[in-house]
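Next come the chains, spelled out residue by residue.
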Amino acid sequence: MDWQELTDLTHGQPFVVERVRLAGSGVAIEGQFETPQLAQLSADDQVFVAAFVRSHGSIKEMERIFGVSYPTVKSRLNRIAERLDFVDTDPAPTGADVVDRLQRGEISVQEALAELERSR
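Residues numbered from 1 in each chain as written. Predicted model: local features only at pLDDT ≥ 70, side-chain atom pairs only at ≥ 80, totals over all residues. Heavy atoms only, no water.

### Considerations on the pattern of salt bridges
Move 1: Taken as a whole and judged by the stated rule, the model has seven salt bridges.
Move 2: Of the charged contacts in the structure, one is a salt bridge between R101 and E106, with a shortest N-O distance of 3.8 Å.
Move 3: Residue R101 is classed as partly exposed on the basis of its relative accessible area, which comes to 25%.
Move 4: What you see here is one network of salt bridges that share partners, running through R101, R104, E106 and E115. (Salt bridge = Lys/Arg side-chain N within 4 Å of Asp/Glu carboxyl O. Buried < 20%, exposed > 50% of the residue type's maximum accessible area, 1.4 Å probe, protein only.)

### Quick notes on the confidence of the model for the protein chain
Move 1: Averaged over all residues, the pLDDT of the protein chain equals 88, while 96% of them reach at least 70.
Move 2: Per-element confidence in the protein chain ranges from a low mean pLDDT of 77 for helix 1 (residues 3–10) to a high of 96 for helix 3 (residues 59–66). (pLDDT = per-residue confidence, 0-100. Helix = DSSP H or I, 4+ residues; strand = E, 2+ residues; numbered from the N terminus.)

### Side note on a negative patch on the surface
Move 1: On the surface, a cluster of negative charge is contributed by D2, E5, D8 and D44.
Move 2: Its location among the elements puts E5 in helix 1.
Move 3: A residue is classified by how much of its surface remains accessible, and E5, at 45% relative accessible area, is partly exposed. (Patch = residues over 30% accessible without salt bridge, like charges linked within 9 Å, V, L, I, M, F, W, Y side chains within 5 Å. Areas by Shrake-Rupley, 256 points an atom, 1.4 Å probe, with all protein chains shown as cover. Lys, Arg positive; Asp, Glu negative; His and termini not counted. Charge placed at Lys NZ, Arg CZ, Asp CG, Glu CD.)

### A word on the environment of L84
Move 1: Here L84 is to be found in the loop between helix 4 (70–82) and helix 5 (95–103).
Move 2: The spacing of L84 and L41 is 43 residues in sequence and 9.0 Å in space, taken between C-alpha atoms.
Move 3: Ignoring anything within four residues of it in the chain, the contact list for L84 reads Q37, L38 and L41. (Contact = heavy atoms within 4.5 Å.)

### Remarks on unusual backbone geometry
Move 1: Notably, H56 is not glycine yet its phi reads approximately 55 degrees, a positive angle.
Move 2: Here H56 lies in the loop between helix 2 (43–54) and helix 3.

### Some points on the packing of helix 3 against helix 4
Move 1: As a packed pair, helix 3 and helix 4 sit with axes 9 Å apart at the nearest point and diverge in direction by 105 degrees. Taken together, helix 3 and helix 4 sit at an angle that is classed as roughly perpendicular. Residues I59, M62 and E63 of helix 3 touch helix 4, and the partners they reach there are Y70, V73, K74 and L77. (Axes fitted to C-alpha atoms, helices over the stretch in contact; angles between N-to-C directions. Parallel < 35°, antiparallel > 145°, perpendicular 65-115°, else oblique.)

### A few points about the pairing of strand 2 (residues 28–34)
Move 1: Pairing geometry for strand 1 (residues 16–21) and strand 2, over five bridges, is antiparallel. Residue pairing for strand 2: V20 is matched across the bridge by I29.
Move 2: Counting the residues between successive antiparallel strands, the hairpin from strand 1 to strand 2 contains six residues, one of them, G24, with a positive phi of roughly 95 degrees. (Pairing = 2+ DSSP bridges.)

Shown next, in the form of structure tokens:
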């Protein structure tokens, strides 16, 4: 069964993978594995995301590929983005990080206290 077949079969409902077999080695692992967020998208949305990545994020190229307007591409990207959790690219520093920077003299005591207060 391929991934699109599985996606069609589940009709967008959440599912859990309970067995994984490593191709070539025959080793199987059983447990409960959540599927990656991108795998939880519909097959059409997965194709759309793949095309967006392959076009290096060019909305103009997406307009050309799918024969749709700029607002249509943006709307679809926004809809897909709402379904995905994003990695925080600027996480609050941990207490240990702040103390390390303070010890190295990179920040003052006041700056360290302010950062620790913000991360609460």
